[in-house]
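What follows is each chain in one-letter form.
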Amino acid sequence: MQNDVANNMEEMFVPIKEYIKNEDSLELIKKAYLYAQSMHEGQLRKSGEPYMIHAIQVGYNLAKLHAGPSTISAGLLHDVLEDCSVTKDEMTEIFGEEITMLVEAVTKIGNIKFKDEKEYQAANHRKIFIAMAKDIRVILIKLVDRLHNMRTLQFQSPEKQVKIAKETLAIYASIAHRLGLSEIKNELEDLSFFYIHKDEYYRIAKLVENKKNERDLQVTNMLDHISKTLKAQNIEFRIFGRSKHLYSIYKKMTTKNKRFEEILDLLAIRIVTKTELNCYEILGHIHSEYRPIPGRLKDYIAMPKMNMYQSLHTTIVGDDGRIFEVQIRTEFMDDIADNGIAAHWAYKESRKYDQNKEQKEIESKLSWFKDFVNVDAEASYDDPKGYMEAVTTDIFDANVYVMTPLGRIIDLPQGACPIDFAYRVHTEVGHCTVGAIVNEILVPLNTPLKTGDVVKIKTSKQSTGPSEDWLKFVKTQHAKNKIKNVIMKKETERKAEFVSKGEQILKEELRKRGFNEADYLDKNKIESVVAQFRLSTYVDLLYAIAVKSVSVVNFVEKLTNQKKSVNLDNESIEKIYNREMPTKNSSKTGIKVEGVETMMLSLAQCCLPIHGDEIIGYITKGSGVKVHRVDCPNIINEKKRLIEVKWDDISEKHHYFAHLLMLSSDRNFLLTDIVTVTSQNKAMLQNISSDVNNETLTVTTKMIVQVDNFEHLRVLIANLKKIESVINVNRIIQ
């Protein structure tokens, strides 16, 4: 397409008249041409040429793609709404709603304010993609518009050249590739490459030129050899050499870290034949004549790419040791390879566009097309950057083709796993996933998928839904959004349950102390105390009480300005005092009772208090006082037999035990790292055990550690959380 130029209406109409014969359609295009010419009269481009030349080039290149008359007309008019004093109503009156809709969809966003340039670009692209998903003609106009702008980019400032080239490479070349418009894609990539990395462009161009004569001779010899082989089999074919464009060479050199000489398919041969059967016959004859390189055979006929591309690819070693890539396809496949969607394009003026048979066929083949709308439905309208990230990941980078057991092809980005696959099949399949079988083998859910894999998802209605751990290895934004939505919903429901539970605990504590809850659950009174606990709202407080991050005892004491009363009978107290023992106000546990010389004290084994915890004493029958953490569920509902106890400030060192529960992703040497970190923090490991969940690939580790005090334990937990693959560490009550 690069050498195709039209400078006036007559030249533009040459390709149009090759396939549009209806006089009314030709008159419509002529009308659009003349109207655009009058509107752009006197306007010049930065090159100094009349602005209308740009409109002519857009119309001409649309005709080369065999676009319909309405599409060509909209292409000619695509800048009229933006650059000329024409309103939408005026254009609708002259050209109708269909053409006006196309022009409006292509028109750039103008008077919207954004925080920065990136957000502006993201929002602009988002509008294009959504409009494109509703009507594919929008992107065809936009692509040929961008193609001509890139061909004349030398007239822009260097800064703008780089900016436009980067956008073209990231967005428009990717769209052209997904639509199978390889000629447009290749030219956009090479032009962008030239402006972004000029030095590299010239270096690779020189390498290609230096090898040109040698390469041409090698390809010619190979063409002769293959031709003789195929002619002997009486197969109808045509054969020719194909050169790789500069950007694709550069990309292979950088992404695969290869030298120029190492790129296998620099020397490429294309064979075009009549039927699919001929394609496979030719492949067999070539493999019998030349040695194929293992792992380089790709059958895109049986499994077409998502842009409708079909071909057989094989890499062979020639007689002189040179390596060649051979592509084998039918004439129709060859047309698709070069022109993609344009090879299917046939717009009939007599039908409404959205009911057009050919359009529906195209959209059914380009099943990924609706993803532009699906991504938008999942994305926040306030986050155009997030939308662009999702489009780039889920659509543009999707080049791994895997199949369902029934043969449906699913396209995914590199590194995608069975969870990504499950969510692409259906949201509910993703939610209920419990396992995956790839090529008849049960695999972990984080297994990266490869092109050609057949994937079967195991589901269960009893599944608890997606795991938060899945977010660590899924690749598609679609899967991430679906998983996050479920987790947020669960979190909201869980928080509501905890808030209700916290309110019940608070009310019970007030009633236990003999207070009327109505007197104290006043909003203003509550919120004044809530702030002292570094919380924002009453709801936050209730949640904190329920999860025991705030002591209900402490809160009520602050709320009512009263300490907890002790309700004990004299007989019970007398039993636990040992007045015969020497005077001593602390025990070996480091705990004391104010005003009492000696008391039988021991730490409760259920919650294992540590020096620094908030504690309370529970008077047992015959075993003295058991000291619990105030949030211990075993005493939280006790109304009697409680006594106030405190930690002693003596200098003697004590040791305490704590139960920890750790959740981690499964990996090698996890336990070794846990033991090492525990030792480095000068804590003694008393016991450790682990269980692996093969479905979620997570490890639950239970530990008993010996520490000096609460601060020692806090530092240990903080460092355990820093271990690679550790998700969470919590102190638990047995």
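Residues numbered from 1 in each chain as written. Predicted model: local features only at pLDDT ≥ 70, side-chain atom pairs only at ≥ 80, totals over all residues. Heavy atoms only, no water.

Draft legend 1. Spatial organisation of the overall build of the protein chain. When helices and strands are counted, the protein chain shows 28 helices and 21 strands. When the 734 residues of the protein chain are sorted by exposure, 50% land in the buried category. Taking the intrachain contacts of the protein chain between residues at least 6 apart in sequence as the baseline, contacts between residues at least 24 apart amount to 66%. Accessible area for the protein chain stands at about 37,300 Å²; split by element, carbon and sulfur atoms hold 49% of it. (Helix = DSSP H or I, 4+ residues; strand = E, 2+ residues; numbered from the N terminus. Buried < 20%, exposed > 50% of the residue type's maximum accessible area, 1.4 Å probe, protein only. Contact = heavy atoms within 4.5 Å. Areas by Shrake-Rupley, 256 points an atom, 1.4 Å probe, with all protein chains shown as cover.)

Draft legend 2. The arrangement of the pattern of salt bridges in detail. Overall, the coordinates contain 15 salt bridges when judged by the stated rule. Close ionic contact of E49 with R45 constitutes a salt bridge, the shortest N to O distance being 4.0 Å. Among the ionic pairs, E200 bridges to R203, the shortest N-O distance being 3.1 Å. With a gap of three residues between them, E200 and R203 both fall in helix α11 (residues 198–210), about one helical turn apart. Among the residues examined, E200 registers a relative accessible area of 26% and is labelled partly exposed. (Salt bridge = Lys/Arg side-chain N within 4 Å of Asp/Glu carboxyl O.)

Draft legend 3. Helix α2 (residues 23–39), seen in detail. Between its terminal C-alpha atoms α2 stretches 24 Å, which fits the 24 Å expected from 17 residues at 1.5 Å a residue. On the buried face of α2, the contacting elements are α1 (9–19), α3 (52–64), α4 (69–76), α5 (80–83) and α6 (88–106). One side-chain oxygen of the residue at the start of α2 lies 2.9 Å from the amide nitrogen of D24, identifying that residue as N22. (Expected span 1.5 Å × (residues − 1). Polar contact = N/O pair within 3.5 Å; in protein donor to acceptor, adjacent residues only side chain to side chain.)

Draft legend 4. Here's a closer look at the state of the cysteines. Evaluation of the coordinates by the stated rule reveals zero disulfides. Here C607 is not cross-linked by a disulfide; its sulfur's nearest cysteine counterpart is in C632, at 3.8 Å. Judged by relative accessible area, which is 1%, C607 ranks as buried. (Disulfide = S-S within 2.5 Å.)

Draft legend 5. Focus on the sheet that holds strand β14 (residues 615–619). Strand order in the open sheet formed by four strands is β13-β15-β14-β16, and the pairing between neighbours is mixed. Whereas interior strands pair on both sides, the edge strands pair on one side only; in this sheet they are β13 (601–603) and β16 (642–643). By the bridge criterion, two bridges tie β14 to β16 in an arrangement that is antiparallel. Considered in β16, the bridge of G617 is made with I643. (Pairing = 2+ DSSP bridges.)

Draft legend 6. Examining the pairing of strand β20 (residues 698–707) more closely. Of all the ten residues making up β20, seven are buried; the element is thus mostly covered by neighbouring parts of the structure. Across ten bridges, strand β18 (residues 656–665) lies against β20 in antiparallel orientation. Counted as the bridge partner of L663 is T700 from β20. Pairing of strand β19 (residues 684–693) with β20, which is carried by nine bridges, proceeds in the antiparallel orientation. Bridging across to β20, I688 finds its partner in M703.

Draft legend 7. Representation of the environment of L471 within the structure. Assignment of secondary structure puts L471 in the loop between β11 (455–459) and α21 (477–512). When near neighbours in sequence (up to four residues on either side) are disregarded, L471 contacts K480, I483, K484 and I487.

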